[in-house]
Amino acid sequence: MESFLDDTFDVKAKHAPDEALEKWRKLCGVVKNPKRRFRFTANISKRSEAAAMRRTNQEKLRIAVLVSKAAFQFISSELDSPHPQKNENDYTVPPEVKAAGFDICADELGSIVEGHDVKKLRFHGGVNGIAQKLCTSTNDGLPKDVDALNRRQELFGINKFAESESKSFWVFVWEALHDMTLMILAVCAFVSLIVGIATEGWPKGAHDGLGIVASIMLVVFVTATSDYRQSLQFKDLDKEKKKISIQVTRNGFRQKMSIYELLPGDIVHLAIGDQVPADGLFVSGFSVLIDESSLTGESEPVMVGVETPFLLSGTKVQDGSCKMLITTVGMRTQWGKLMATLSEGGDDETPLQVKLNGVATIIGKIGLFFAVITFAVLVQGLVVRKWKDGSHVDWSAEEAMEMLEYFAIAVTIVVVAVPEGLPLAVTLSLAFAMKKMMNDKALVRHLAACETMGSATTICSDKTGTLTTNHMTVVKSCICMSVREVGNPSKFANMKSELHDSALKLLLQSIFNNTGGEVVMSKEGKREILGTPTEAAILEFGLSLGGDFQAEREAVKLVKLEPFNSTKKRMGAVVELPVEGGRLRAHSKGASEIVLASCEKVINSKGEVVALDDSSLKFLQATIDQFASEALRTLCLAYKEVQGGFSPNDLIPESGYTCIGIVGIKDPVRPGVKESVAVCHAAGIAVRMVTGDNINTAKAIARECGILTSDGVAIEGPVFREKSQAELLELIPKIQVMARSSPLDKHTLVKHLRTTFDDVVAVTGDGTNDAPALHEADIGLAMGIAGTEVAKESADVIILDDNFSTIVTVAKWGRSVYINIQKFVQFQLTVNVVALVVNFSSACMTGSAPLTAVQLLWVNMIMDTLGALALATEPPNNALMKRPPVGRKLQASGKSMFELEGSDSDLVLNTIIFNSFVFCQVFNEISSREMESINVFKGMLNNYVFVMVLVATVAFQIIIIEFLGTFANTTHLTSHQWGACVLIGFIGMPIAAILKLVPV
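A brief look at the structure comes next. Keep in mind the model is a prediction, meaning the values are calculated, not measured.

1. Comments concerning the packing of helix α10 (residues 169–176) against helix α12 (residues 207–241)
Packed helices, taken two at a time, are described by their axes: the angle between them and the distance between them.
Working step 1: The interhelical angle for the contact between α10 and α12, taken along N-to-C directions, is 130 degrees, at an axis separation of 8 Å. Compared by their axis directions, α10 and α12 come out oblique. As α10 packs across α12, the resulting crossing turns out to be right-handed. Counting all contacts with α10, which are made through Phe 169, Trp 170, Phe 172, Val 173 and Ala 176, the residues of α12 involved are Val 220, Phe 221, Thr 223, Ala 224, Thr 225, Asp 227, Tyr 228 and Ser 231.

Below is the structure:
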């Protein structure tokens, strides 16, 4: 059964090909209600439509880009002209748009951006001209006037996509009525009513028919209620999945807003990892690379800037940062139309759903066979009885009713025998778990992740924000070769007074210009720091030293900004100084040892720039190590005077810098993390820290969390990637901490754990570059607070509070899903078999079925819908985390029990299972010699046939195992394994003896 299911009903938990999904659907021949069975499976035809739409978009955009380039070249000679020629681009503003106070309509805006139409953009006065016609400001955004915002929404639409309407309760009732067996029983009930009333009168003749009708209606309404509740749960979860916020400037203030509240004219701020929320135009920014693959399928990123300012909804910011003007929203964008199609495609079915569909199909065929046999036996009994009576030619209404009752019983056997509830119980359990996990701060994006997380054997966790609080403050610094503790106003005042003016000026210039954060005023007039926790800590440090963010930004001209890159582990900026000739200066900030390695000079305690000699270098390296050993994150700040000119297209220099100083940032370990790591270890889940931080910082935090043990290995990414394949095989199982890792290092580690060591791996990630590792992992866990939209889209689960303890909760719920499904399968199959055997055996032996159609329908409802509700919704308990994980295969515990390793471990384990099963039968034969007596060996030797059969069975079993492995798919077993098989088989004898003590 298992091998058949693996071959036929096996799909991957992630990225299953459409061919595999189509294959199992075709094999599900015996389905009572396709509408219900396949409700929570992917709509492959809709996915094909979406793929075709992507291909069309790709071709349209390719042509648009080519036309755009040609048009740009064609009109470049006119760019200096103050009066652009009015030609075929002449445009008349529709009256209703003019009446509302705007000078451009939604269709014109859509054609400009979607068509990459440079000529139209030029005709309307460029980006600033479009902004004026939309009555907005590229600096302050839309005004606060509510009436004006409402008029804007009426004319240009809202940023929402068309969704399929929610099904009402009565739709689920209608779908429940589509059960083929229930329809047949309804026909039987109708005939029974007509014949019964005609022969026995009302109400006596209507009892059987009305009983079946009432049972059918009860089954239908209970089923519909359960399905309707499930659909509401999924609807709520879908709403949570779509909650995306973005930074917007409105009425002169920066604020976070839902993307669904955006309107044409809004000014949106985009950074690495953000999803472009609507169609629009580039206003200002640096080094913007856009990944359009989600919309067009094209993998090559597109550079966006002043010359090509077009930004399309649904695309991702791969690099850089910018400000954009929203022009087109919602269903007017290609992304809106694509999303409407994709939303109908649905989620992939999970491996458990598919396998239990396979089980239901196999058992359904068996049930159908027994139903036909039962009907044949019952009819044969009736025909034989009439033949004996000589009345086989004459048939009365009572006998016709009896025949109808037999048919109803046969149909009802199919109702009971086909376990439709098995795959649906998986959906019910997953929906219940997903809803509860949402309350526990974990948003499940893909159903299969609930199942897979229960099998997790390894968690590769980030440090910052997951194991730590992500509330960062600068507590130590080494500026101008002088180490100081900071953290309160008096210490900042002392530091400011001790620093040389020129050094302080350089420090503040570096802090406030080489940053991805901002200091703004909130609506309430309070100062607010925007940006990552690291950026916020550095900016707060600068403000505490008396710096003024706006003044520093206005004092220089920002020529280029390269955001922090997790591969380079640094960020950089080039500024033009307000001096004669516009001298240029580059600033660099990032991982201390990396930035320090690019330095040739240092500012000393007198504020003088001196050569970075060996003693100074050793002092700074020792300072970094000291900060790191105290579990502080360290960053180095440096600058360089740029000679020979610089353009925004040039790369920022990576060497020849002067070190300004080093800061140590405190990020405390989250409360409860140590206990959660201990729970993971008790549950057989290995926890590994993968971080971009300094190795000493990582080791200090890992020891505090209980991750790094005495026999564990801490390694740096550059060292890891230099290891040979043979060295990795020995090293990877011991790795507990990987520091200074790149996204590629994380991806390599995950891939090896999954493929080489057969681990089920959960991986956390928050950055754009973490997407490949999240995609590769069995379970990708994105951070809800610190995570980018790119990371969230690549993930299976979003950890809403960025807390490691929540990951442990997800693992607990995953195990609960497995256990609940096991309970339900055991319960349902037991009822299935008993109902089947009772009616079949009784029909064969007595010629009548003891369980009527009404009784069987009631049993089916208890077993199917109510059973699933009762057993599949059991919440998890702490005991679940005191057992080893299931792993990729159910026999994983058998491998550990018998200490099986190597490529043939599966074959050895299957041989042990087969051998144990045979010895169970051997000892069962012995136990069955006596029905009541406990001493089953008495007189056994007197029955030489019995002894010969036993001896022959054991002898042939030895031959099959030891000598016929090629034919029987077995392998040689050790004496220890043979003994274990015999012992397992023998266990049945004392159990049988105990059962015999129960009086019958």
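2. Let's talk about the pairing of strand β21 (residues 686–690)
Working step 1: Among the five residues that make up β21, four are buried, leaving the element largely enclosed by the rest of the structure.
Working step 2: Summarising the sheet, strand β9 (residues 458–461) and β21 pair through four bridges and their orientation is parallel. Paired with Thr 458 across the strands is Ala 686, a residue of β21.
Working step 3: Two elements, β21 and strand β23 (residues 735–739), share two bridges in a ladder whose sense is parallel.

3. So, the pattern of salt bridges
Working step 1: The full count for this structure, using the stated rule, is 25 salt bridges.
Working step 2: With its nearest N and O atoms 2.2 Å apart, the salt bridge here joins Arg 254 to Glu 518. Taken as a pair, Arg 254 in strand β2 (residues 253–258) and Glu 518 in strand β12 (residues 518–521) lie far apart in primary sequence, 264 residues in all.
Working step 3: For Glu 518, a relative accessible area of 28% puts it in the partly exposed group.
Working step 4: Two residues, Lys 476 and Glu 630, come together in a salt bridge whose shortest N-O distance is 3.1 Å. In this pair, Lys 476 sits in strand β10 (residues 473–479) while Glu 630 sits in the loop between α24 (614–629) and β19 (632–642), placing the two residues 154 residues apart along the sequence.
Working step 5: Among the residues examined, Lys 476 registers a relative accessible area of 15% and is labelled buried.
Working step 6: A single salt-bridge network, built from bridges that share partners, covers Asp 462, Lys 746 and Asp 770.

4. Let's talk about the sheet that holds β9
Working step 1: Taking strand neighbours across the sheet as the criterion, the eight strands line up as β8-β26-β25-β24-β9-β21-β23-β22 in an open arrangement whose pairing is mixed. Two strands in the sheet have a free side with no partner beyond their single neighbour: β8 (442–444) and β22 (713–716). Taking the axes of each pair of neighbouring strands and ignoring which way they run, one obtains an average angle of 20 degrees across the sheet.
Working step 2: Note: strand β25 (residues 779–783) against strand β26 (residues 797–799), three bridges, orientation parallel. Bridging across to β26, Ala 782 finds its partner in Ile 798.
Working step 3: Running at roughly 165 degrees to strand β24 (residues 761–765), helix α29 (residues 743–755) makes contact with β9, β21, β23 and β24 of the sheet.

Rules of the game
Residue numbering note: each chain is counted from 1, following its sequence as written. With pLDDT at 70 or above as the cut-off, local features in this predicted model cover only qualifying residues; side-chain atom pairs require 80 or more to be listed or tallied, and sums for whole chains, interfaces and linings still use all residues. Side-chain numbers here rest on the full set of heavy atoms in the structure, without hydrogens or water. Here the axes come from fitting lines to C-alpha atoms, over the contacting stretch only for helices, and the angles between their N-to-C directions go from 0 to 180 degrees. A helix here means a DSSP run of H or I that spans at least four residues, while a strand means a run of E at least two residues long, and both kinds are numbered starting from the N terminus. Each angle is binned into one of four classes, with values under 35 degrees roughly parallel, values over 145 roughly antiparallel, values of 65 to 115 roughly perpendicular, and all other values oblique. By definition, turning the near helix anticlockwise from the far helix through less than a right angle yields a left-handed crossing, and turning it clockwise yields a right-handed one. In what follows, residue pairs with any heavy atoms lying within 4.5 Å of each other are defined as contacts. Only protein chains enter the accessibility calculation, which uses a 1.4 Å probe. A residue is then buried if its area is under 20% of the maximum for its type, exposed if over 50%, and partly exposed in between. Pairs of strands are assigned from DSSP output, requiring at least two bridges between the strands. Put simply, a salt bridge is a Lys or Arg side-chain nitrogen that is within 4 Å of an Asp or Glu carboxyl oxygen.

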